[in-house]
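# Architecture at a glance
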Amino acid sequence: MQDPPLTMIVRTAGTNCEGELRRAFELAGSRTEMIHLDALISDPARIERADILAFPGGFSYGDDIAAGRVFSMKLRTKLWDALCAAAERGVPMIGVCNGFQVFVQAGLLPGFAPDAYPDGAPQPSISLTQNKEARFIDEWPRVEYPSNSKCIWTQALAGCSDDPALLPIANAEGRFVAADSATIAQLESNGQIAVRYVDNPGGSQGSIAGICDPSGRIFGLMPHPERYIEWTHHPYWTRLSPEQTSRPVPGLVMFKSVVDAVASQPA
Amino acid sequence: MIHRFEVRAKDPKSDPTALKTTRQARALGIEPEAVHAARVYLIEAKLNAAQINTLRDALFADPVLETCSLGIDPAPDGAQTIEVHPLPGVMDPVAQTVQNAVAELVGIDPPRVSTGWRYDFAGVSAEQAHSIATGALANTTVHAIHAEPLHPDSFPSLAPADQSVVRVAICDLDDDALVKMSRDDHLFLSLEEMQTIRSHYRALDREPTDIELETLAQTWSEHCVHKTLKSTVRYTASGGDTIDWSDRPGVEISPDGSVVIHNLLKSTVAAATHELIAEGVDWTRSVFVDNAGIIDFDEHNAVCIKVETHNHPSAIEPYGGAATGIGGCIRDIMGTGLAAKPIANTDVFCVAMPDTPRADVPDGCIHPKRTLERIIEGVRDYANRMGIPTLNGAVYFDPRYIANPLVYCGCIGILPNDKTHGDAQPGDLIVALGGRTGRDGIHGATFSSAELTDTHADEFSHAVQIGNAIEEKRTLDAILRARDPESGCLYSAITDCGAGGFSSAVGEMGETVGAVVHLDKAPLKYDGLRYDEIWISESQERMVLAVPDANLAALQQICDEEHVELAVLGTFGNSDSENNPELLLHYTGTEVGRLPMALLHDGIPMPTRVASWTPPTVEIKKAGDIDIKRALLELLAHPNIASKRWIVRQYDHEVQGNTVIKPLIGPGGIGPGDAAVIQPVPASKQGLAIGCGLQTSLGDPANGGDPYLMALAAIDECVRNLVCVGADPNRIAILDNFCWPGCDDPNNMASLVRACMGCYDAAKAYRTPFVSGKDSLNNQFRTKDGTLIEIPPTLLITGVGIVPDVSKCVTMDLKSDDSTLILVQPYPDGDEKFNPDAWYATSLWNARGSHFEQLYGIPRESHPSPLEFDPTFGKRTAEKVARAIDEGVVLAAHDVSDGGYLAALAEMLIAAEGTGRQIGAHVMTHLDELSFAFGEAPGRYLLEVRRERAGEFSQLGSCVGWTNPTANLYVDACATGKNAHISVSELRSAFLGTLDW
């Protein structure tokens, strides 16, 4: 039998959600390998082992200067070619919270048409910046998963509503902003908006919580799906009906969708 | 040269920093027409134009939202500029990150960096701009405020320090001179302690070196040695004494009626634990000896817990004080056993009323609202960056915390149960890991033992620090890797550098084996530190390990990979000529100090303390005509009761992905949970509940309270909070944190004795062993005109309880619109001595010590007896409630505390809101209805149970009403007919309004 897919999780000083991200992938059936960013930079070929790449949440390098800035600078200057090669190989990638901020600043999102990866990292056209109240927020806002989304991580959740349709956020710089309204319109028409807030606590433009690249494989989101892989993670699970809690947990669905898809690809 | 970069929002009108600054200015009564904010980076390096452009475009600015310019941007017309930078020597974590990023990005050696913020205020005067700076943007203890942009030619450098050995003449000093030296040199030792030191050196026929004297002062400080709580106390009571003194451990009753207690802590808090262990409590693992108490969790893991206070530093610099408070407590967990992984934090703050008029804030103090905001930001920024969920806490307001805010920070860790103990071995290397040593944090331990005055902010600015969480996170990552190799842990012992710095850490680890330290080997933040400063500096984020020589290379490799600095400072194992362990200190080969470990650890004289208790006599105020609706709404809006959502939402309470019961409950995320529950080992169903108890008003002598009752009630409240979420009441471990005013005052010493006795009695009754604790005494402030402000005696009890199965956890939000509400009381059933009339008067129908009394006085019809509480009844009640929860018949459970039974019910109603389905309640009050509704007697729970099974609860409590689908609370005042009808949305507005800043 073929080995289960290998998810490579890239950590560094100040990332702090890699443990639960690993657990989510393992519950979804993946093998995992945790690697320090500097170890990957010193040997970028190691990325070739990965079937899935994951960038965890946290405060990489203290989020000093801006959230994810130093991490993304290292990706742009040291790992751009290796990441593009992985993307061309069809490797799904997820950036959660700080990982999303890193993707955006590195220029991996909103991304490129397949076979159109530039030689160097481009200037960002979108940003994740300070919440409108200029402070950290931890809560579980309601979300929706647009039905036209190409995102392979969230497609299975398109009909998700009511009590299960929440996701936990925990960030100070989670407000999505685009350089212009055309960018938002293009993301919408391209099916790149993967998750939207119904309540929009940080004040994101277009209520955007997460987007994918045009291939649907590279996905970044501010909420933490890895904190929603058991029903006991739900903020009011003590009120949920047994019927509800017998269904799959939405956060885990994201990981399982992609791990299953990779596993079912011919070797 | 220094390059200056300014980064600002392209559109200041939508810049959250500028908008926040505008709100802060308004709160100070200043209306700027416009505010512009900019981040400033000063880089001292030789850079060419290409390098400058790279930094500007690729590092500093977000190209979508920001612009970055070189040099000084001109200010908008007529605007007042304020620039805030850290003072030289103050930790600047952003600068450290920038230093490394610049070096990596443009390929130069790490340059010196300083960062700051620039603000331009239009439409304000220069004085107003300065007021905004001092009132909201800067603290001059750690920041420099400039009225124009700062662009110096170079950064100041410190000259290398003079390292000649200084001897302090003490042998020939008389007592008066000893007292003067103790205060002037910031030793804060008593005369007897100074005399003991003098005798030691007279016997040696030499004078001490400065470093020897400093080491003794640090090690003997109240902060490090808890000398008040360990002293012998002679206690007398005038008037009646409600404590039965017979058959207490360590207590002698003299013929004259006075009582002598030998080692207060050992005879009460510790005695309860050791007696419980002897009686069969077999799940504690390490109590009182390590940096945290350790208990069993499951067959592979143990759990450890510690709660610290960081009060004095937080009074002077609330942000840095609170951040380094939680940072230090996390290091305690990292330094427990062979290192634990931190899995949860707690925080409890006591501050003065947030609406205190500015004119009433004494000189030398910060306004309490600002203090609270900055404390919260400090805990938030450190704990969130460490990736540890902050799960439980409380805030208590009283005007007497105006100069002495209390900051309690707790941390819980998990560790393999074969790694719960470490000992430094002779020959092990003394290894320092983590942050560098600087001049920040000198004299923290002795400072924390002093009474504050209005000049302390200036005198002790060096004791205050700013933390760097990422440094600590890297160190944690490295330590956990070094702990767990298959070949075994790479070190034999570990501890943190807390109060006293290296002097305490090495002194404690080497207590039985001795140590030789080479102080010149410590990595320094900058030049200019003398050897004694290196030894006692409390710079943050440092750990000390005892490492066998053979493991050093493996440890070094891990540290290199995690970017953690490692330094070998010396070796453990050193004895004097008589084979007694000795501490030997060198600087570049010269001996600078030599101290017997026995003098450090056992040499401190323990004088007898005097305690005299006079039961406070206060006039009972009688309430006027108050209706239930008004009282309930005003109580819900009282800052002590009002929602703390604004605070809790700023903490990450679910990082690590193990939080099962969060601090905010219900679909709307508003309900104040009783305790949090985590599932630290996801593969196991077992959980850990985390809660606390704080009953300050019941112990407040100024309010007629008794600290003995306060201790009983705090432990009871902690137990109830844990039981309400599903903890096993027979698997609860607790911690004590005493914050007291000065105990040289016999009245305060007596209130401390009484609280300790309450701790003993309640811990025995509830079978809840204390596993760790800490005290912070001398929380009082001398104003410029000599007035003394003492805090009320404050005892925090923190508890952790094992939850056998997290799927059975219960929350406090009402679940059904057709259920029965049961008020559970510690009813003394089956007790022969039971006198129902007396019981009603002293507990159930009693509003003494309640928030109702604080607002209005005692209800007119009530009997003003003092409140009484028997913890043995409380224990039986806790077990019955736990059984009902385990059987699955309890839909919601909430402890009845601040605001009494109706406030508890209101919170349960508010918490249920948000699903679209309405839940209301119809309840009754009894005779003496205001006391019944709003009294805060200990021991009570409010439960929502399935209507069909309510009959089974007749033994447990009384049915007080039912839920219904109305979205209203209807209170049927059976006795007076003054019924109340209140909508849940009115309750909600009152509850949320006060603290939603």
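What counts and how
Residues numbered from 1 in each chain as written. Chains lettered and ligands numbered in written order. Predicted model: local features only at pLDDT ≥ 70, side-chain atom pairs only at ≥ 80, totals over all residues. Heavy atoms only, no water. Helix = DSSP H or I, 4+ residues; strand = E, 2+ residues; numbered from the N terminus. Rg over C-alpha atoms; globule rule 2.2 N^0.38 Å. Buried < 20%, exposed > 50% of the residue type's maximum accessible area, 1.4 Å probe, protein only. Contact = heavy atoms within 4.5 Å. Areas by Shrake-Rupley, 256 points an atom, 1.4 Å probe, with all protein chains shown as cover. Lys, Arg positive; Asp, Glu negative; His and termini not counted. Charge placed at Lys NZ, Arg CZ, Asp CG, Glu CD. Salt bridge = Lys/Arg side-chain N within 4 Å of Asp/Glu carboxyl O. Axes fitted to C-alpha atoms, helices over the stretch in contact; angles between N-to-C directions. Parallel < 35°, antiparallel > 145°, perpendicular 65-115°, else oblique. Nonpolar A, V, L, I, M, F, W, Y, C, P; charged D, E, K, R; others polar. Domains from an automatic or database assignment. Buried area = accessible area lost by both parts, 1.4 Å probe. Polar contact = N/O pair within 3.5 Å; in protein donor to acceptor, adjacent residues only side chain to side chain. Pairing = 2+ DSSP bridges. Expected span 1.5 Å × (residues − 1). Disulfide = S-S within 2.5 Å. Phe/Tyr/Trp six-rings, centres within 6.5 Å; stacked < 30°, edge-to-face > 60°. Lys NZ or Arg CZ within 6 Å of the ring centre and 35° of its normal.

### Considering the overall build of chain A
Helix and strand counts for chain A stand at seven helices and twelve strands. In terms of overall dimensions, chain A is globule-like: its C-alpha atoms have a radius of gyration of 17 Å, near the 18 Å expected for 267 residues. If one aligns the C-alpha atoms of chain A with their principal axes, the spans along those axes are about 50 × 50 × 35 Å. Looking at chain A as a whole, 64% of its 267 residues are labelled buried. In chain A, 78% of the contacts between residues at least 6 apart in sequence involve partners at least 24 apart. For chain A, the accessible surface area stands at approximately 8800 Å², while carbon and sulfur atoms represent 48% of it.

### Overview of the overall build of chain B
The helix and strand tally for chain B stands at 30 helices and 41 strands. What you see for chain B is a C-alpha radius of gyration of 29 Å, in line with the 30 Å of a compact globule of 997 residues. The principal-axis extents of the C-alpha atoms in chain B amount to approximately 80 × 75 × 65 Å. Sorting the 997 residues of chain B into buried and exposed places 64% on the buried side. At a minimum sequence separation of 6, the contacts of chain B that also span at least 24 residues come to 83%. Element-wise, carbon and sulfur atoms account for 49% of the exposed surface of chain B, whose accessible area totals about 33800 Å². Taking the average location of the 80 positive side-chain charges in chain B and that of its 136 negative ones, the two points are 4 Å from each other.

### A look at the pattern of salt bridges
Residues and elements named next belong to chain B. The final tally for this structure, using the stated rule, is 72 salt bridges over all chains. When the shortest N-O distance is used, the salt bridge between Arg248 and Asp761 registers 2.6 Å. Taken together, the residues span a long stretch of sequence, with Arg248 in the loop between β7 (232-237) and β8 (251-253) and Asp761 in helix α24 (residues 746-766) at a distance of 513 residues. Judged by its relative accessible area of 11%, Arg248 falls in the buried class. For Glu634, the salt bridge goes to Arg630, with nearest N and O atoms at 3.3 Å. Taken together, the positions of Glu634 and Arg630, both in helix α21 (residues 628-637) and four residues apart, correspond to about one turn of that helix. Residues participating in the shared-partner salt-bridge network are Arg4, Glu6, Arg8, Asp73, Glu83, Arg118 and Asp120.

### Overview of the packing of helix α12 (residues 318-334) of chain B against helix α16 (residues 469-483) of chain B
How two helices sit against one another is set out by the angle between their axes and by the gap between those axes. Residues and elements named next belong to chain B. In the contact formed by α12 and α16, the axes pass within 12 Å of each other and the chain directions differ by 5°. Between α12 and α16, the crossing angle belongs to the class labelled roughly parallel. Note on element contacts: α16 touches α12 through Glu472, Thr475, Leu476 and Ile479, opposite Gly327, Ile330, Arg331 and Met334. Split by residue class, the contact of α12 with α16 holds four nonpolar, two polar and two charged.

### Some remarks on the domain arrangement of chain B
Examined at the domain level, chain B breaks down into domain 1 (2-146) and domain 2 (810-997). The gap between the C-alpha centroids of domain 1 of chain B and domain 2 of chain B is 53 Å.

### Some thoughts on the interface of chain B and chain A
Contact residues are listed per partner, giving 67 residues for chain B and 54 residues for chain A. Summing both partners gives a buried area of about 4700 Å² for chain B against chain A, and 51% of it is carried by carbon and sulfur. When the buried area of chain B at its contact with chain A is split by residue, Pro16, Val64 and Glu104 of chain B rank highest and sum to 12% of it. Counting the contacts that link chain B with chain A gives eight salt bridges. With a shortest N-O distance of 2.4 Å, Glu562 of chain B and Arg11 of chain A are connected by a salt bridge. Our count for the chain B to chain A interface comes out at 26 residue pairs in polar contact (both at pLDDT 80 or more). Of all the secondary structure elements, the ones that give two or more residues to the side of chain B that touches chain A are α1 (16-27), α2 (49-60), α3 (93-106), α13 (368-386), α16 and β25 (659-661) of chain B. Among the elements that line the side of chain B that touches chain A, the one with the most residues is α3 of chain B, at seven residues.

### Remarks on the sheet that holds strand β16 (residues 429-434) of chain B
All names here are of chain B. The strand order across the open sheet formed by seven strands is β18-β20-β16-β21-β19-β22-β23, and the pairing between neighbours is mixed. The sheet is open, and its two borders are formed by β18 (493-496) and β23 (590-596), each paired with just one other strand. Across the sheet, the axes of successive neighbouring strands diverge by a mean angle of 25°, strand direction being ignored. Taken together, the four bridges between strand β19 (residues 515-518) and strand β22 (residues 582-587) define a ladder with parallel strand orientation. Directly across from Val516, in β22, lies its bridge partner Leu584. Contacts from α16 reach β16, β18 and β20 (542-547), with the element oriented near 135° to β16.

### Examining helix α6 (residues 191-204) of chain B
All names here are of chain B. The end-to-end C-alpha distance of α6, which contains 14 residues, comes to 20 Å, matching closely the 20 Å that a straight helix rising 1.5 Å per residue would cover. Among the structural elements, α5 (175-184), α7 (210-219), β23 and α20 (597-602) are those in contact with the buried residues of α6. Of the residues one or two after α6, Asp205 is the one with positive phi, at around 60°.

### With respect to helix α25 (residues 836-844) of chain B
All of the buried residues in α25 of chain B are Trp839, Ala841, Thr842, Ser843 and Leu844 of chain B. At its buried positions, α25 of chain B is contacted by α29 (929-934) of chain B.

### Considerations on the state of the cysteines
Residues and elements named next belong to chain B. For the structure shown, the criterion picks out zero disulfides over all chains. With no disulfide of its own, Cys724 lies 12 Å from the sulfur of Cys718, the closest cysteine sulfur. With a relative accessible area of 0%, Cys724 lands in the buried category.

### Considerations on the packing of aromatic side chains
The geometry of an aromatic ring pair comes down to the distance between the two centres and the angle between the two planes. For the coordinates displayed, the defined rule picks out 21 aromatic pairs over all chains. Seen in terms of ring centroids, Phe25 of chain A and Phe255 of chain A are 4.9 Å apart; in terms of plane orientation they differ by 75°. Their pairing is edge-to-face. Here the residue Phe25 of chain A occupies a position in helix α1 (residues 18-27), and Phe255 of chain A occupies one in helix α7 (residues 250-263), the gap between them amounting to 230 residues. Accessibility assignment for this pair places Phe25 of chain A and Phe255 of chain A in one class, buried. Residues Phe5 of chain B and Phe60 of chain B carry aromatic rings whose centres are separated by 4.9 Å and whose planes lie at 50° to one another, so their mutual orientation is tilted. One end of the pair, Phe5 of chain B, is in strand β1 (residues 2-9); the other, Phe60 of chain B, is in helix α2, and 55 residues separate them in sequence. In this structure an aromatic cluster arises from ring pairing among Phe25, Trp153, Phe219 and Phe255 of chain A. In this structure, Arg248 of chain B is placed above the aromatic ring of Trp245 of chain B, and the distance from its NZ or CZ to the ring centre is 5.9 Å.

### A few points about the side chain of Lys227 of chain B
Residue and element names in this part refer to chain B. Tracing the backbone through its elements, the reader meets Lys227 in the loop between α8 (222-225) and β7. Among the polar contacts listed, one links the side chain of Lys227 to the backbone oxygen of Trp220, at a separation of 2.7 Å. In contact with Lys227, other than residues within four places in its own chain, are Leu189, Glu193, Trp220, Ser221, Glu222, Ile604, Met606 and Arg609.

### Remarks on the sheet that holds strand β11 (residues 208-212) of chain A
Residues and elements named next belong to chain A. An order of β2-β1-β3-β4-β12-β11-β10-β7 is seen for the eight strands of this open sheet, with the pairing classed as mixed. The two strands at the open ends of the sheet, each matched to only one other strand, are β2 (31-36) and β7 (143-144). Judged from the six bridges that link them, strand β1 (residues 6-11) and β2 form a sheet pairing that is parallel. Bridge pairing in β2 places Met8 opposite Glu33.

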